[in-house]
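# Inside the fold
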Amino acid sequence: DALMQCSLLVNADLSVERVLKHIMQEAKALVGAEVASAFLVDHVRGELFSTVNSTGSEIRIPLNVGIAGHVAATGEQVII
C-alpha cells in the first residue's frame, strides 16, 4: 500500500521535494526508522546533497565518503 501511495504521488505532484518527503516518511514507517534522508547527486560539485532529511537543514557529503557516497559512486546496493 505504501509503495502504491508513493507511485500515485509521483504521478500527481510535480514538486520533487514534496515527493521525496513523502517517500522518506513512508520508508521510515515501513522499516521503523527514527530518522531518514533522501540524497540526490550534484555532479558539478561531486557531492551528495539532501534537503529532505530529519535534520531540516541541507546536508552535503563528498561522493566518495561513507556508505551513501559508496552507493552513489558505484551504483552497488548495500544492506546494513
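Counting starts from 1 at the beginning of each chain's written sequence and moves along it residue by residue. The model is predicted, so local features are restricted to residues of pLDDT at least 70 and side-chain atom pairs to those at 80 or more, both for listing and for counting; the totals for chains, interfaces and linings are taken over all residues. Where side-chain values are given, they derive from all heavy atoms of the structure, hydrogens and water being excluded.

## Topic: the layout of surface pockets
Cavity: a set of points on a 1 Å grid over the protein atoms alone where a 1.4 Å probe fits but cannot get out. Pocket: an open set with protein on both sides within 12 Å along at least five of seven lines, its lining residues, like those of a cavity, having an atom within 4 Å of a point. Grid points are joined across faces, edges and corners, and a volume is the space filled by probe spheres set on the points. What the largest pocket holds in volume is close to 480 Å³. Along the wall of the largest pocket there are 13 residues; nearest its centre are Ala-27, Ala-36, Ser-37, Ala-38 and Phe-39. Among the elements of the structure, helix 2 (16-31) and strand 1 (37-42) are those that each provide at least two residues to the lining of the largest pocket. In DSSP terms, a helix is any run of H or I states spanning at least four residues, a strand is any run of E spanning at least two, and both are numbered starting from the N terminus. Here the lining of the largest pocket takes 6 residues from helix 2, the largest share from any one element. Each residue is assigned to one class: nonpolar for Ala, Val, Leu, Ile, Met, Phe, Trp, Tyr, Cys and Pro, charged for Asp, Glu, Lys and Arg, and polar for all the others, Gly among them. Of the residues assigned to the lining of the largest pocket, the class counts are 11 nonpolar, 1 polar and 1 charged.

## A short note on the pattern of salt bridges
Salt bridge, as used here: a side-chain nitrogen of Lys or Arg that lies within 4 Å of a carboxyl oxygen of Asp or Glu. Evaluation of the coordinates by the stated rule reveals 5 salt bridges. For Arg-45, the salt bridge goes to Glu-47, with nearest N and O atoms at 3.3 Å. A salt bridge links Glu-58 to Arg-60, with the shortest nitrogen-to-oxygen separation between them at 3.1 Å. Classification of residues uses two cut-offs on accessible area relative to the type maximum, computed with a 1.4 Å probe and protein chains only: under 20% is buried, over 50% is exposed, and between them is partly exposed. By relative accessible area, Arg-60 is classed as partly exposed at 26%. Through salt bridges with shared partners, one network takes in Asp-42, Arg-45, Glu-47, Glu-58 and Arg-60.

## Concerning the confidence of the model for the protein chain
Residues at a pLDDT of 70 or more form 82% of the protein chain, whose mean pLDDT is 83. One confidence number per residue, pLDDT, is output by the predictor and ranges from 0 to 100. Element-level mean pLDDT values for the protein chain span from 64 in helix 1 (residues 2-12) up to 92 in strand 3 (residues 59-62).

## Topic: the sheet that holds strand 3
A sheet is described by the order of its strands in space; here 3 strands give the open sequence 1-2-3, paired in antiparallel fashion. Bordering the open sheet on either side are strand 1 and strand 3, each of which pairs with just one other strand. Averaged over neighbouring strand pairs, the angle between their axes works out to 30 degrees when direction is ignored. Throughout, a residue-residue contact means that at least one pair of heavy atoms, one from each residue, lies within 4.5 Å. All axes are obtained by fitting lines to C-alpha atoms, using only the stretch in contact for helices, and the reported angles, taken between N-to-C directions, cover 0 to 180 degrees. Along the sheet, helix 2 makes contact with strand 1 and strand 2 (47-53), crossing strand 2 at roughly 75 degrees. On top of the sheet, helix 3 (residues 66-74) reaches strand 1, strand 2 and strand 3; it is set at about 120 degrees to strand 2, its chief contact. Should DSSP find at least two bridges between two strands, the strands are taken to pair.

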